[in-house]
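These are the residues of each chain, in order.
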Amino acid sequence: MPYRNTFRRPSRLRAACFQFSLLALSFTACAGSASAAHTQRGASNAVTSSQLAIQVNDDRITLSMARVPQIYLYGPIDVDAPQRFEALVNSGRIRPGSDIYLNSPGGSVTAGMALGRLFRQGGMITHLGMPRLPKGAANVNRSAICEGACAYAYLGGLYRWAASGSDRIGFPTYAAQRAPEDVSAYLKDMGINDDALAAATSGTSPDPVLWPNADTMIAKGLANNGRQDLVATYSFSQGAPQLELKQIDRNGTHSITLLCKQAGAELTTYDTIGAVRARSIVGREEHSYFEINQQEVLPQQRGAMAVDESVVIHRIYPLNQLPRVASAQAMGAWVKDRNGIRFGFAFEVGGVRKILNDFTNACVNEAQAHS
C-alpha cells in the first residue's frame, strides 16, 4: 500500500521561490497611486468608524500585474461586514483568488470567522497591509495590525502571507481543549491545529494574545506564504518503487516523480501552470535541468516539453547518485532562457526525509536484486 507524508515547510526558501510574486505586489502597490480616484471609488460607501471599510483596487494596472483585484479591509469588523463583502463577491467586484489586505483592531469574532469562510470559499490570499493614502494626505504610521476577529479572518486565506516588517498580527489564545466550540470548529475547517493557538504562559498568568513573528507563523502553520503543504507519497508502480513529491501554490501545481528502473530512476517533473504559459516557457528555453540543493543536475538543451497545461522535464537519474536525493534539503526543476531568466519551482524536502530514505533504499535493493 502507498503511504504519504505531509510536510509543513520552514521559511528558508520562500524568498527565492516567490521573487516574481513579491516584485509584482511591490509594483502594483506603487501603481495604486496612479489610480487614486479609481481606488477611492472602490471603497465601500456609507461606512462609519465603527464599521469595516472595504476598498477594491481593480484598475487596469493592478489587474495586469497581479491578475486579480487587491482588496483592503480596514477598521473594526462589525456584524454586517460579511454581508457587505459577500455582496461585492456576488457582484463580481471581488473575484476568486483576490489578494486580501487586512488592517483591523478586531471586532465581532463571529463576523471575523464568517469573513474567513468567504475568503476560503473564494480561494483568496490574505496579507496584512494598509490602503494607499490619497494624494496629499498627512503622513501617518503605515504599519498594519490585525488582532482578534481580524486574525481569525486572516486564517481563512487559502494562501496566507506571514506578517513582515513592522506589521503585527495577534491571535487570541486558549488553554488546551478550552477554545469555544465555534472557534474550535472554525480552526478545524481552516486546517489549523488547536495547539498552534495554545496559551503561552508568562509566570503564572497566560498571555491572552499570541504575537508571532514570520518564522513562528510558518512553523505553526498559521501562514504558508503562498504554498500549501508538500505531500510526499511512496508506493510501488508495476512492482517498482516510486516516489512522488507534490505541492500546490497560487501559481499552479508542481510535482517530481522518481520511478526505479534497472537503467536508473525515471525522473519526471511537472510544472502545471496553464497551457498558454507552458508553451511560452518551452518556446523560450535555452536549457532545462533538475535541481538539488540549488545546484543544477542533469542539464540538457531544449529538454523540456509542453504537455497539456504543464512544462514537463524527463531524465534518467543514475542509481549510484540516489543517496544525494535521500540527503537533499531542496529539490526543483527549472527552464532557463537565453537571457538567464528561469522558470520553474523548488521546494524544501527535509521534512519528508524518511520517505526519501525508504525510496532510495528500496530502489538500490531492487537494482542489486536484478544485477
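In this text the structure is predicted, and so the values were computed from the model without any measurement. (Residues numbered from 1 in each chain as written. Predicted model: local features only at pLDDT ≥ 70, side-chain atom pairs only at ≥ 80, totals over all residues. Heavy atoms only, no water.)

What about the state of the cysteines?
Going through the model one piece at a time under the given rule, you end up with two disulfides. Through a disulfide, C146 is tied to C150; the S-S separation comes to 2.0 Å. On the sign convention where negative is left-handed, the bridge of C146 and C150, at about -110 degrees about the S-S bond, is left-handed. Neither C146 nor C150 differs from the other in exposure class; each is buried. (Disulfide = S-S within 2.5 Å. Buried < 20%, exposed > 50% of the residue type's maximum accessible area, 1.4 Å probe, protein only.)

Here we look at the sheet that holds strand β20 (residues 330-337)
With respect to topology, four strands assemble into an open sheet ordered β17-β16-β20-β21, the strand pairing being antiparallel. Each having just a single partner strand, β17 (295-301) and β21 (342-348) make up the two edges of the open sheet. This sheet shows a mean twist of 15 degrees between the axes of neighbouring strands, independent of strand direction. Inspection of the sheet shows strand β16 (residues 285-292) paired to β17 by five bridges, in the antiparallel sense. (Pairing = 2+ DSSP bridges. Helix = DSSP H or I, 4+ residues; strand = E, 2+ residues; numbered from the N terminus. Axes fitted to C-alpha atoms, helices over the stretch in contact; angles between N-to-C directions.)

Points about the sheet that holds strand β6 (residues 145-147)
The strand order across the open sheet built from three strands is β6-β8-β11, with neighbouring strands paired in mixed fashion. In the strand order of this sheet, the two ends are held by β6 and β11 (209-210), each with one partner.

With respect to the nonpolar core
F85, Y154 and F171 are the most contacted members of the largest nonpolar core, which has 46 residues in total. The leading source of residues in this core is helix α7 (residues 149-154), at six residues. Ignoring anything within four residues of it in the chain, the contact list for Y154 reads L102, T126, L128, C146, R160, W161, A162, I169, F171, M217, L222 and A223. (Core = buried A, V, L, I, M, F, W, Y, C linked by side-chain atoms within 4.5 Å. Contact = heavy atoms within 4.5 Å.)

Quick look at helix α6 (residues 109-121)
With 13 residues, α6 should cover 18 Å at 1.5 Å per step; its first-to-last C-alpha distance of 18 Å lies within 8% of that length. Of all the residues in α6, the buried ones are A111, G112, M113, L115, G116, L118 and F119. Turning to α6, the residues buried within the fold contact β3 (70-74), α5 (81-91), β4 (99-103), β5 (125-128), α7 and α8 (181-189). At the exit of α6 stands G123, carrying a positive phi of roughly 60 degrees. (Expected span 1.5 Å × (residues − 1).)

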